[in-house]
Amino acid sequence: MKVFKFGGASVKDAEGVKNVATIINRFPGEQLVIVVSAMGKSTNALEVIVQNAFEDKAYQDELNQLYDYHKNIVETLQIHVELNYFIDLIIQQLEGNRKMAFPKYYDQVVSVGELISSSILSAYLNSVGINNEWTDARELILTDDTWRAGIVDTTTTVEQIETKIIPILTNKHIVTQGFIGRTINGYTTTLGREGSDYTGAIFASALDAEGLWIWKDVPGVLNADPKLFNDAVKLPELTYYEAIEMTYYGASVIHPKTIQPL
Ligand code: ASP
């Protein structure tokens with residue numbers, strides 16, 4: 001059993017989503033938990049939307065763009081996903097929670113990006129014969145109410161993942177969301193920007209997976225950001241401690257909380 005994590009850049013368009021299917025097809029017979037981030041820059045777009053709504057400014061244009069962006073992907077992939085349901089959900093959260101403190105309000109809205117991307121990916125994979133079940137990560141990952149940086153209740157989370165996921169994995173893959181969890185009172189939380197790596201690590205650890213694979217658009221972990229340094233070289237291997245140190249000092253290649261569960 002392996003956990004695969006695909007970031008926003010990997011699923012930024014229909015080609016990216018198709019590429020995920022190509023990658024999965026390279027692992028026939030493997031049980032997979034597939035954790036996905038929001039598509040492309042959707043999280044940034046949702047941040048603008050929630051900030052505008054909080055400040056009583058208009059957000060409709062950005063919301064329309066978010067809808068059009070996903071609609072284009074859904075149409076290109078020739079699948080059916082009820083995008084209006086998600087847009088209505090965003091509006092409901094924005095309008096129904098006007099009095100909420102900003103960090104909590106943020107989590108209720110920004111989390112929808114992952115719900116959309118995972119629904120699209122799951123529908124597409126099923127449409128090409130990659131049998132999978134869409135699973136709501138919020139029913140598995142229990143956090144406290146540290147909004148925008150939820151602290152995971154490991155004991156309950158591990159129990160929930162084991163009882164709900166293992167039976168499904170016997171005959172299909174799981175497609176779920178990175179970055180999001182839920183409090184005991186039923187409010188959605190997020191785990192911090194780029195937190196989907198951390199979600200992947202939580203699943204890998206809870207399921208005692210053979211490995212967590214973080215798929216990226218670079219050949220591996222490099223000694224510098226290749227967008228800034230064209231002579232960056234790939235590090236053949238890193239210990240967990242080196243990886244922790246690297247992320248602690250700001251390397252954004254892996255979310256800093258990722259290594260601990262591994
Ligand atoms: N979508 C979230 C973000 O952009 C989480 C993630 O991608 O890991 O930060």
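Thresholds, definitions, all that
- Residues numbered from 1 in each chain as written.
- Predicted model: local features only at pLDDT ≥ 70, side-chain atom pairs only at ≥ 80, totals over all residues.
- Heavy atoms only, no water.
- Helix = DSSP H or I, 4+ residues; strand = E, 2+ residues; numbered from the N terminus.
- Contact = heavy atoms within 4.5 Å.
- Near = heavy atom within 4 Å.
- Polar contact = N/O pair within 3.5 Å; in protein donor to acceptor, adjacent residues only side chain to side chain.
- Areas by Shrake-Rupley, 256 points an atom, 1.4 Å probe, with all protein chains shown as cover.
- Nonpolar A, V, L, I, M, F, W, Y, C, P; charged D, E, K, R; others polar.
- Buried < 20%, exposed > 50% of the residue type's maximum accessible area, 1.4 Å probe, protein only.
- Pairing = 2+ DSSP bridges.

Colleague: If you had to explain the environment of Val110 to someone new, which residues and values would you point to?
Modeller: When you line up the elements, Val110 lands in helix α5 (residues 102–110). Separated by 67 residues in sequence, Val110 and Thr43 have C-alpha atoms that sit 6.2 Å apart. Filtering out sequence-adjacent residues up to four positions away, Val110 remains in contact with Thr43, Leu46, Glu47, Val50 and Phe179.

Colleague: Please give an account of the site of the ligand that cites residues and values.
Modeller: The local shell around the ligand consists of Ser37, Ala38, Thr43, Glu114, Phe179, Arg193, Glu194, Gly195 and Ser196. Glu114 has a polar side-chain atom sitting 2.6 Å from a nitrogen atom of the ligand. Glu194 places a polar main-chain atom, nitrogen or oxygen, 2.7 Å from an oxygen atom of the ligand. Surface burial for the ligand is 93%, taken as the share of its 260 Å² of free accessible area covered by protein chains. Its residues assigned to classes, the shell around the ligand comprises two nonpolar, four polar and three charged.

Colleague: Explain the pairing of strand β1 (residues 2–6) to me, and be specific about the residues and the numbers.
Modeller: Among the five residues in β1, five count as buried, and that is most of the element. In β1, alternate side chains face the same way, and those of Lys2, Phe4 and Phe6 on one face and Val3 and Lys5 on the other are all buried. Taken together, the five bridges between β1 and strand β7 (residues 211–215) define a ladder with parallel strand orientation. Each bridged residue has a counterpart across the sheet, and for Lys5 the counterpart in β7 is Ile214.

Colleague: Outline the environment of Gly96, supporting the account with residue identities and numerical values.
Modeller: Within the fold, Gly96 resides in helix α4 (residues 83–96). Classification of Gly96 as exposed rests on a relative accessible area of 59%. Remark: the alpha-carbon pair of Gly96 and Pro28, spanning 68 residues in sequence, is separated by 45 Å.

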